[in-house]
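# Commentary on secondary and tertiary structure
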Amino acid sequence: MEADKEELRIGVFVCRCGFNIGRVVDVPAVAEYAKTLPHVVFAEEGLYTCSSAGLDSIKKQIEKFKLNRVIVASCTPATHESLFQKTCEEAGLNKYVFEMANIREHCSWVHMHLPEEATEKAKDLIRMAVARAGHLEPQTETELNINPSTLVIGGGIAGITAAMSLARQGFQVHLVDKEAQLGGMLNRLYKLQPTEREASEVIRELVIAARANNNIHLHTSTFVHEVSGFIGNFNVTLQTNNSNQPERINVGTIIVATGAEEFKPVGMYGYKENQNVITQLEFEQLLQNGELKKPKKVVTIQCVGAREKTGRTYCSRICCQVALNNALLLKKLDPNIDVTIIFRDIQTYGENERFYKDARENSINFIRYDLNRPPKVTSRPDGSLAVTVYDIYLGAEVELESDLVVLSTPLVQNEDARKLSAILKVPLGTDGFFFEVHPKLRPVDFASEGIYVCGTAHGPKNIVESLAQAYATASKASIPMAAEKIKAGAVKASVNQEICVNCDACVVSCVFNAIEASPFGLPKIIEANCKGCGVCASECPMGAMQLIHFKDDQIIAAIEALFNSEKRTEPDESFKPVILCFACQWCSYAAADLAGVSRIQYPPNVRVLRVPCSGRVDVLHVLKAFQSGADGVIITGCLIGDCHYVDGNVKAKDRVDLMKKSLGFLGIDPKRLEIGFASSSEGRKFATMMTDFVKEIEKLGPSPSRPKRGGEKFVQDNNKT
Amino acid sequence: MAPHINLFEFSAKEVAAKTKPGQFVVLRIDEDGERIPLTIADANAEKGTISLACHEVGKTTTQLGKLKEGDSILDLLGPLGNPARIEKFGTVICIGGGVMVAPLHFQAKAFREAGNYVIGIVGATTKDHLIFLDEMGRTCNELCVATDDGTKGYKGLDFLTDLIAKRKVDRVVAEGPIVMMKAVSDITRQNGIPTLVNLIPIMVDGMGMCGACRVTVGGKVLFACVDGLEFDGHQVDFDELLSRLKMYTDQEKLAYVFWEKGGRN
């Protein structure tokens, strides 16, 4: 804030990038133009600004002209921003006073045949950067200490594996399990394929190794009662059964490995009514305890209570393998046992396909049933069971005699995990399982930094997959713990107490638990949890909440600079729309970059303004753009479901839908505002969105809010109330 | 009274004659304005006036703040809601936060008149936002002050735990931000002290018709306007309430911008 008081001395370095920019954009003219902008005391062109000669020049000019803001107009910040920031730091400037204008990916590469327009656009982008730079402030980055210890919740195979992996690296691990005995589900399983080793034996070895490891502190018969704090410094209260004294520990990271339960299909297929109708797990326990009365005819029914229309809509992944495995074990017990599997679809993906082949070769019968005509199980007077099923391939109903019916039911989340989700403030998906922050990019992470999930707590999976996730979480948790410190970027929420009205809209809007409400409503920002999306700032009704480095005044300065040009008056003959595109710094900005890299051409009317997340775009920013004379505004974000901040793009969409309803009051056609989504691989889609939007705006004509020629200010149309 | 907090006295004879502490009114400033519920901060049957305190947080409240003495508003409906239960309980803690200290003072006065020993707690985020300190000081037998940032009085609400441990408290009445009422209820739950919170969620008609103000109390869905405003703090689902309250933040912001910039509603 104090920066406003010092005299602004801005330096602009325009890069030719060899031919890449220089062949299309008139770089010398752009550099000359930059010199005319307010507060610019130095501007030059360079052949390659990122070369050592180019970087040296930046450093030299910072010193010579006492520059306190630096702008490089060249390529995408995604690849070169950090290099130029480092150069500024070497010259004694704070890296947060550096700004980039992307005149390659967003300009010369996408308007290759329109040198005049591209040059105009480059000037616009630089004018926006200069205006924004004037409002930038030096920032300090804070460091957080990381307690090199982990809490692993759940002592099944996933939890023990994660714990062992970390303990072997020298980290302290608190391993908590609600049961008196470690091992989880594997204690209750029979034999594992392909080795046919006893599951209990496998887990026993692991448990012994865990007990023997001095870095692992076991807490059995124990629940996690309370968790507060953030990455590096979680305060955890543990409650052990039969103990009044809760135990308090401090850890740096948390791994959730609470496993899952088998669904008990009460009321389906005579389960719990006839003792010879049992689930796969109960069947394995009979085998494990040697209590199985040797059956003659066994029928297995698949997808019982799974892949339903509502509720448990998911495929439980493991049941087909389990059913085949157990069927083969029965055949091994006695080849004369008649085994039939009634299925909807057999899903033995990858290597597991061979068990299906084995089963076929071992005379196991398969009958495919129709979802609309599911099998029926009835008890006969003699105690045996009759299973009637409509065989899709036969086209007829078949009745099977059976003395044991085994139901393959899905894994479901357990009740304790629901409580844990509330305690850790991490989400469950619609299927009830723990929900990772990003299915592809961060598959074992929660949005809350320092908390990870592995194993069946995250969804049904087999042992191999659970182990892979367990190692992944151990690896993820070890990153901050090995570093012992993490540097927190300065792009964080910040609240101005003076104007805050304590409504706590920010508290509710934050998905990262980074804002806590004090008792009388004062929002308290937990910087370690803040990811810098800026959604809270856009939700704040008072403008009291701001995102550092993307404050309202910084964004609005760029918007105003774009439109405050003498040329942006009423068009005379040819109408060239000027369109502002807000792009989130993740997918949609990358998509725009990719359009450039792929040389996909689109109309030169679009000016991209980078924001951290589409959810940062405030209604004020959009209104400001229209007030300043924008012909169109398009907000772009990651694909729905892929937002790097959970659901910032959904919030942006809601906001756009709402604004479309209101823009009419200002005399602005709602079609002038649009929102689009693109993944970072969808350069073509980005270009198409821009092309379509420009066409739409061309149809609509110039915005009524454009300043009139001759300096007359735009007057709002007040007649439409 | 404090930055952006205003106290109004409205002349409304019929309303004033019937108002009891804990009730509210729904008002409109003009034909195009939204209807906002405000808890009554005082009533003077003789003068025929009621008092309302209001924090400028959006379009309507800011517009209200711009009114000058002698101005009038379109309509004011009330008194609505049930009066607070005022009896002789013994020792009563009246704890208020932010702007809601004003209506709480109305209740505190009634508790004192009913023969209770009243411990008043006035809280705000920071020193400058404390209101009604003098009034509460005069009305209550004892007065505590608390702020989030510790600029005056106790810092936060932790002192309440000690206070109720040391003293025999028969009833706690809380009126303020949802997070405050939640925190108070969490503290008193451990000692089992009956705790009444005053909820004023988003409302439309204020007469039990629209259901906008629904709150979950002890698993049951109730309407704040006709079942409240007073509820058992130990049973209220505060988290749900908090999320419901933020349903229209974008709309509110738009309304504010349009009103401020365009002079329209």
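As the structure is a computational prediction, the values presented were derived from the model and not from experiment.

The rules behind each value
Residues numbered from 1 in each chain as written. Chains lettered and ligands numbered in written order. Predicted model: local features only at pLDDT ≥ 70, side-chain atom pairs only at ≥ 80, totals over all residues. Heavy atoms only, no water. Core = buried A, V, L, I, M, F, W, Y, C linked by side-chain atoms within 4.5 Å. Buried < 20%, exposed > 50% of the residue type's maximum accessible area, 1.4 Å probe, protein only. Helix = DSSP H or I, 4+ residues; strand = E, 2+ residues; numbered from the N terminus. Contact = heavy atoms within 4.5 Å. Buried area = accessible area lost by both parts, 1.4 Å probe. Salt bridge = Lys/Arg side-chain N within 4 Å of Asp/Glu carboxyl O. Polar contact = N/O pair within 3.5 Å; in protein donor to acceptor, adjacent residues only side chain to side chain. Nonpolar A, V, L, I, M, F, W, Y, C, P; charged D, E, K, R; others polar. Pairing = 2+ DSSP bridges. Axes fitted to C-alpha atoms, helices over the stretch in contact; angles between N-to-C directions. Left-handed = near helix turned anticlockwise from the far one by under 90°. 1 Å grid on protein atoms, 1.4 Å probe; cavity = no way out; pocket = protein on both sides within 12 Å on 5 of 7 lines; lining within 4 Å. Points joined across faces, edges and corners; volume = space filled by probe spheres on them. Right-handed = clockwise from strand over helix to strand, strands pointing away. pLDDT = per-residue confidence, 0-100. Phe/Tyr/Trp six-rings, centres within 6.5 Å; stacked < 30°, edge-to-face > 60°. Lys NZ or Arg CZ within 6 Å of the ring centre and 35° of its normal.

## Some points on the nonpolar core
- In this structure, Val12(A), Val14(A), Ile126(A), Leu580(A), Phe582(A) and Val622(A) are the most contacted members of the largest nonpolar core, which totals 63 residues.
- With 8 residues, helix H6 (residues 115-133) of chain A is the single largest residue contributor to this core.
- Excluding anything up to four places from it in sequence, Val622(A) contacts Phe582(A), Val617(A), Val633(A), Ile635(A), Met659(A) and Leu673(A).
- Among the nonpolar cores identified, the runner-up in size contains 39 residues, and Val172(B), Val179(B), Ile193(B) and Leu199(B) belong to it.

## Notes on the interface of chain A and chain B
- Between chain A and chain B, the contact holds 36 residues from the first and 32 residues from the second.
- With both chains or domains summed, chain A and chain B bury close to 2900 Å², and 65% of this area falls on carbon and sulfur atoms.
- Looking only at chain A, the three residues that lose the most surface to chain B are Pro519(A), Phe520(A) and Leu658(A), adding up to 25% of its buried area.
- Counting the contacts that link chain A with chain B gives 0 salt bridges.
- Counting across the chain A and chain B interface gives 4 residue pairs in polar contact (both at pLDDT 80 or more).
- For the side of chain A that touches chain B, the residue count by class is 20 nonpolar, 10 polar and 6 charged.

## Looking at the sheet that holds strand E14 (residues 230-232) of chain B
All names here are of chain B.
- If you trace the 7 strands from one edge of the open sheet to the other, you get E9-E8-E7-E6-E10-E11-E14, paired in mixed fashion. The open sheet terminates on both sides in strands that have one partner only, identified here as strand E9 (154-155) and E14.
- Looking at chain direction, strand E11 (residues 195-198) and E14 are connected through 3 bridges and run antiparallel. Along E14, the bridge assignment pairs Leu-196 with Asp-232.
- The sheet contacts of helix H5 (residues 158-166) involve strand E6 (91-97), strand E7 (117-124), strand E8 (142-147) and E9, and relative to E7 the element is tilted by about 170°.

## Regarding helix H17 (residues 587-597) of chain A
- Counting buried positions over the 11 residues of H17(A) gives 8, a clear majority of the element.
- Residues Cys587(A), Ser588(A), Tyr589(A), Ala591(A), Ala592(A), Asp593(A), Ala595(A) and Gly596(A) constitute the buried set of H17(A).

## Quick word on the packing of helix H7 (residues 157-168) of chain A against helix H13 (residues 463-483) of chain A
Residues and elements named next belong to chain A.
- As a packed pair, H7 and H13 sit with axes 8 Å apart at the nearest point and diverge in direction by 35°. The element H7 and its partner H13 pack so that their crossing is right-handed. Within the contact between the two elements, H7 uses Ile-157, Ala-158, Thr-161, Ala-162, Ser-165 and Leu-166 and H13 uses Ile-463, Ser-466, Leu-467, Ala-470, Tyr-471, Thr-473, Ala-474, Ala-477, Ser-478 and Met-481.
- Its residues placed into classes, the contact of H7 with H13 shows 11 nonpolar, 5 polar and no charged.

## A word on the pattern of salt bridges
Residue and element names in this part refer to chain A.
- Enumeration over the complete set of coordinates arrives at 47 salt bridges over all chains.
- Its salt-bridge partner being Glu-141, residue Lys-95 comes within 3.3 Å of it at the nearest N-O pair. Linking Lys-95 in the loop between helix H4 (77-90) and strand E4 (98-102) with Glu-141 in the loop between H6 and strand E5 (142-145), this pair joins segments that are 46 residues apart in sequence.
- One salt bridge connects Lys-357 with Glu-361, and the closest N-O pair in it is separated by 4.0 Å. Linking Lys-357 with Glu-361, this pair stays in helix H11 (residues 353-361), spanning 4 residues, or about one helical turn.
- A relative accessible area of 55% places Glu-361 in the exposed class.
- Sharing partners across several salt bridges, the network here consists of Lys-59, Lys-86 and Glu-90.

## Notes on empty space enclosed by the protein
All names here are of chain A.
- Applying the stated rule across the entire model yields 10 cavities of 30 Å³ or more.
- Empty space within the largest cavity amounts to approximately 220 Å³.
- Along its surface, the largest cavity is lined by 16 residues, and Glu-99, Met-100, Val-608, Leu-609 and Arg-610 are the ones closest to its centre.
- Listed by contribution, the elements that provide at least two residues to the lining of the largest cavity are E4, H6 and strand E32 (606-611).
- The residue inventory of the lining of the largest cavity, partitioned by class, reads 11 nonpolar, 2 polar and 3 charged.
- Estimated volume of the second largest cavity: approximately 100 Å³.
- In terms of lining, the second largest cavity is formed by 18 residues, of which the most central are Cys-510, Phe-512, Cys-533, Val-535 and Cys-536.
- Elements that contribute at least two residues to the lining of the second largest cavity include exactly helix H15 (535-539) and helix H19 (648-663).
- Within the lining of the second largest cavity, the residues separate by chemical class into 11 nonpolar, 4 polar and 3 charged.

## With respect to the sheet that holds strand E2 (residues 40-46) of chain A
All names here are of chain A.
- On the basis of which strands lie adjacent, the open sheet formed by 4 strands has the order E2-E1-E3-E4 and parallel pairing. Sheet topology places E2 and E4 at the edges, where each strand pairs with a single neighbour. With direction set aside, neighbouring strand axes in the sheet form an average angle of 15°.
- Pairing of strand E1 (residues 10-15) with E2, which is carried by 6 bridges, proceeds in the parallel orientation. The residue of E2 that forms the bridge with Phe-13 is Glu-44.
- Of the strands in this sheet, E1 and E2 are in contact with helix H2 (residues 27-35), which crosses E2 at around 170°.

## What about the pairing of strand E3 (residues 69-74) of chain A?
All names here are of chain A.
- The buried fraction of E3 is high, at 6 of 6 residues.
- Side-chain alternation along E3 places Arg-69, Ile-71 and Ala-73 on one buried face and Val-70, Val-72 and Ser-74 on a second face that is also buried.
- Of the pairings in the sheet, the one linking E3 to E4 comprises 5 bridges and is parallel in character. The partner of Val-72 across the bridge, within E4, is Met-100.
- Note that the unit made of E3, H4 and E4 has a crossover that is right-handed.

## Quick word on the side chain of His644(A)
- Mapped onto the secondary structure, His644(A) falls in the loop between strand E33 (632-637) and H19.
- In contact with His644(A), other than residues within four places in its own chain, are Leu441(A), Trp586(A), Cys587(A) and Cys638(A).

## Structural notes on the environment of Leu242(B)
- Residue position: Leu242(B) is located in helix H8 (residues 238-245).
- Here the alpha-carbon distance between Leu242(B) and Ile178(B), two residues 64 residues apart in the chain, equals 6.7 Å.
- What Leu242(B) contacts, discounting residues up to four positions off in sequence, is Val508(A), Ile178(B) and Val179(B).

## A short note on the confidence of the model for chain B
Residue and element names in this part refer to chain B.
- For chain B, the mean per-residue pLDDT works out to 83, and 97% of the residues sit at or above 70.
- Highest mean pLDDT in chain B belongs to strand E10 (residues 171-175) (91); lowest belongs to helix H9 (residues 249-262) (69).
- Reported for the predicted complex are a pTM of 0.73 and an ipTM of 0.78.

## Describing the packing of H5(B) against helix H6 (residues 178-189) of chain B
Residues and elements named next belong to chain B.
- Put simply, H5 and H6 touch, their axes get as near as 10 Å, and they point 35° apart. Every pair of crossing elements has a handedness; the one defined by H5 and H6 is right-handed. Where H5 approaches H6, its residues Leu-160, Thr-161 and Ile-164 are matched on the opposing element by Val-184, Ile-187 and Thr-188.
- Residue classes in the contact of H5 with H6 are distributed as 4 nonpolar, 2 polar and no charged.

## As for the packing of aromatic side chains
Residue and element names in this part refer to chain A.
- Summed over the entire model, instances satisfying the criterion amount to 13 aromatic pairs over all chains.
- A ring pair is formed by Phe-343 and Phe-366, whose centres lie 6.1 Å apart and whose planes are at 75°; its orientation type is edge-to-face. In this pair, Phe-343 sits in strand E18 (residues 338-343) while Phe-366 sits in strand E19 (residues 365-368), placing the two residues 23 residues apart along the sequence. The pair Phe-343 / Phe-366 is uniform in exposure class, with both members buried.
- By way of ring pairs, the aromatic residues Phe-13, Phe-42 and Phe-65 are connected into one cluster.
- The ring of Trp-109 carries the charged tip of Arg-599 above its face, separated from the ring centre by 3.8 Å.
- The ring of Tyr-589 is capped by Arg-610, whose NZ or CZ atom sits 5.8 Å from the centre of that ring.

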